[in-house]
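Examination of the molecular architecture
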Amino acid sequence: AKFSHPEEDLGYLTANAWRFGQPQNPVGGFGQYDELLDAYEQTAGWRPQMDIIKFWQFFTSVSWGIICLAMRQMYLDGTDRSLERLAIGRRFSAAELDVLMLLDELR
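The notes below deal with the structure included here. (Residues numbered from 1 in each chain as written. Predicted model: local features only at pLDDT ≥ 70, side-chain atom pairs only at ≥ 80, totals over all residues. Heavy atoms only, no water.)

1. With respect to the layout of surface pockets
Rolling a probe over the atoms, with the probe sized like a water molecule, indicates the empty space that remains. Going by this rule: Cavities and pockets were defined on a 1 Å grid built over protein atoms only: a cavity is a set of grid points that admits a 1.4 Å probe from which the probe cannot escape, a pocket is an open set flanked by protein on both sides within 12 Å along at least five of seven lines, and lining residues are those with an atom within 4 Å of any such point. Grid points are joined across faces, edges and corners, and a volume is the space filled by probe spheres set on the points. Under the scheme applied, nonpolar residues are Ala, Val, Leu, Ile, Met, Phe, Trp, Tyr, Cys and Pro; charged residues are Asp, Glu, Lys and Arg; polar residues are all the others, including Gly.
Taken as a whole, the second largest pocket encloses approximately 170 Å³ of empty space. Around the second largest pocket, the lining comprises 13 residues; the ones closest to its centre are Asn16, Arg19, Met101, Leu102 and Glu105. The class makeup of the residues in the lining of the second largest pocket is five nonpolar, four polar and four charged.

2. A word on empty space enclosed by the protein
Basically, it comes down to this: Counting from the N terminus, the helices are the DSSP runs of H or I reaching at least four residues and the strands are the DSSP runs of E reaching at least two.
What the rule picks out here adds up to one cavity of 30 Å³ or more. As for the largest cavity, its lining consists of Ala15, Asn16, Ala17, Trp18, Thr60, Ser61, Trp64, Ala95 and Asp98. Mapped onto the lining of the largest cavity, the elements with two or more residues apiece are helix H3 (50–76) and helix H5 (92–106). Per-element tally for the lining of the largest cavity: the top contributor is H3, with three residues. Broken down by class, the residue content of the lining of the largest cavity amounts to five nonpolar, three polar and one charged.

Structure below.
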């Protein structure tokens, strides 16, 4: 969490990259949107807007894709030849697919 738009943190938490193979649980791989929004409203006194969360989810997916590309490039140019860089770099295609699916959903 950081000082920013409140839905940004929720978009990050719901991005596919952080579901850890549990796509049926869009909130961090362990929960549902309604559960998250209900709990947030009960605690904060207002309900976050799903369309704003989806925007930040999209932003997070794009950001993750850029990070994956940067890690791949670090491996390819020899800056960091660790297997971790290579493993993260190869995840770009998953981030790319997430972005395309979110674009279709937002359309």
